Amino acid sequence: MAPPQQVPSTRRDFRLLWTGETVSGLGNSITVVALPLIAVVELDAGSTAVGLIAAAVWLPWLLVGLPVGAWADRTRKRPLMITCDLVSAATLLSIPLAASLDALTFAHMVAAALICGTAAVCFNTAYHSYIPIVLDGRDLLAGNAKLQGSEAATQVAGPGAAGLLAQAFGAVTALVADAVTFLVSAVCLKRIRAVEPDRAPDEARVPLRRQIIEGLRFVGRDRYLRPMVTWGALINMALMGYQAVQVVFLVRTVGLNPAMVGLLLTSGSTGGIVGALVAGRVSRRFGTARGLLLLQVATAPFALLLPMTTAGPGLLLFAAGAFLVGIGVSVANIVVGSFRQTYCPPRMLGRVVATAMMINHSTIPLGSLLGGVLGDAVGYRTAMGIMTGVVALSWLVLVMSPMRREQDLPRTHEPEQAHAGGSRQPR
């Protein structure tokens, strides 16, 4: 009688996780717009100051990403995630409180961004390791597709909601809405009934540095994870490179007003929603490895439409390019994330996730800087062309990996996979 009772419990737990993440994702999208608005409106900050606040959100991935991965493998995921939600909520509420007391400073904003960024590192590392605990392995692809689709949807709705809240109540008040979303996420997590497996007693006695090195070696030597992380770092750099220029390009080169710019920029997020809807079908039809490759080959080259954008009907080039690239990136996130969750040994999943995300996120500031420098040096359209050219060719990294010979990605890690004849495959 036990198995029939586990299915609804699993579904209930996933619905709680999904609801909490969707609400929290909406709040994060609001904050992305609200924080710069507060810095500009309340503190009269310039573009450099706004850039520093944005950088402070990503910096913790480089500073603490690897040790957090090892630590997440040692501790229970759900209490850690709830703590991160509560810390983020309190930190965000401190900004409107300080503003109401006329005590808000730029240092306060940067500190809040660093604290929320560090909490995000801890939460996301634990979160990706917690999904396999809530979901059965057979449901991971579908579950990750729903989570990715919700994330893309909040990226469409969040900026608009932030604008409305800021217009109606002020940018500072918009942060209160984000803080509430973190509290909703904490409540949802608290209600999940899934029991985490006990950790081996020996794990806690292993030095943290040794566990970090073990995670780095696992990713660096694995013939599937290594090209995936390389591709992720490359495409993140290229995506952030052209995104650093695209607003200036659309306003100054194409001649659009802010409303039209905002509308065009939702194309990529809309593509992300579509990608989440088709990821499962593509994987079932072609296989996880072949489907991933086919979609990257079919969508990435359309990034070259973006720098070809002109006023009038030429705006469709930008919309189509962003939409198709969004589909490809969304499907890749779902397939790669699901693969890691089933492929990696559970005891190392936190370290593998943290290693991959640290490497992938490390190229984000580099891409933004490179795109901005190119825009000033060679012009906005040319800079867009260079960075989208990298996106268009990024699929070659995956095609040169072992997955080009396989229909499906393996479900379990096998340290030694031998060729016929006894020779070992390269790692």
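In the block above lies the structure referred to throughout.
This section reports on the structure supplied with the text. (Residues numbered from 1 in each chain as written. Predicted model: local features only at pLDDT ≥ 70, side-chain atom pairs only at ≥ 80, totals over all residues. Heavy atoms only, no water.)

Quick look at the overall build of the protein chain now. For the protein chain, the count of helices and strands is 14 helices and 0 strands. Listed N to C, the secondary structure of the protein chain is α-α-α-α-α-α-α-α-α-α-α-α-α-α in terms of helices and strands. In the protein chain, which comprises 427 residues, the proportion classed as buried is 48%. Total accessible area on the protein chain is roughly 19800 Å²; 65% of this is exposed by carbon and sulfur atoms. (Helix = DSSP H or I, 4+ residues; strand = E, 2+ residues; numbered from the N terminus. Buried < 20%, exposed > 50% of the residue type's maximum accessible area, 1.4 Å probe, protein only. Areas by Shrake-Rupley, 256 points an atom, 1.4 Å probe, with all protein chains shown as cover.)

In this section: the environment of Ala332. Relative to the helices and strands, Ala332 is located in helix 11 (residues 315-343). Distance from Ala332 to Gly275, taken between C-alpha atoms, is 8.8 Å for residues 57 residues apart in sequence.

Here Glu21 is to be found in helix 1 (residues 2-41). An unpaired buried charge is present at Glu21: no salt bridge exists, and Arg78, the closest side chain of opposite charge, is 13 Å distant. Aside from chain neighbours lying at most four places away, what touches Glu21 is Phe123, Tyr127, Leu147 and Ser185. (Lys, Arg positive; Asp, Glu negative; His and termini not counted. Salt bridge = Lys/Arg side-chain N within 4 Å of Asp/Glu carboxyl O. Contact = heavy atoms within 4.5 Å.)

The next subject is the side chain of Thr299. Among the structural elements, Thr299 can be located in helix 10 (residues 288-299). The buried category is assigned to Thr299, whose relative accessible area is 5%. Among the polar contacts made by the side chain of Thr299, one reaches the main-chain carbonyl oxygen of Leu295 at a distance of 2.7 Å. Sequence-distant contacts of Thr299, defined by excluding residues within four places in its chain, comprise Leu324, Val325 and Gly328. (Polar contact = N/O pair within 3.5 Å; in protein donor to acceptor, adjacent residues only side chain to side chain.)

Under the counting rule described, the total for this entry stands at 5 aromatic pairs. Following the ring pairs from residue to residue traces out a cluster consisting of Tyr224, Phe339 and Tyr343. Residue placement shows Arg285 over the ring face of Phe286; its charged tip is 4.9 Å from the ring centre. (Phe/Tyr/Trp six-rings, centres within 6.5 Å; stacked < 30°, edge-to-face > 60°. Lys NZ or Arg CZ within 6 Å of the ring centre and 35° of its normal.)

Residues Leu59, Leu62, Leu63 and Leu114 make up a contiguous nonpolar surface patch of roughly 330 Å² in combined accessible area. Of all the elements, helix 2 (residues 47-74) adds the most residues to the nonpolar patch, at 3 residues. Among the structural elements, Leu114 can be located in helix 4 (residues 106-134). Using a relative accessible area of 30% as the deciding quantity, one classes Leu114 as partly exposed. (Patch = residues over 30% accessible without salt bridge, like charges linked within 9 Å, V, L, I, M, F, W, Y side chains within 5 Å.)

For Asp102, which is not glycine, the phi dihedral falls at a positive 60°. As for its placement among the helices and strands, Asp102 is situated in the loop between helix 3 (77-100) and helix 4.

A separate point is the environment of Gly271. Turning to its location among the elements, Gly271 is positioned in helix 9 (residues 258-286). The class for Gly271 is buried, based on a relative accessible area of 0%. When the C-alpha atoms of Gly271 and Ala320 are compared, they prove to be 9.2 Å apart, with 49 residues separating the residues in sequence. Excluding residues that lie within four positions of it along the chain, Gly271 makes contacts with Phe323, Gly326 and Ile327.

Nothing here speaks to function; it is all geometry.
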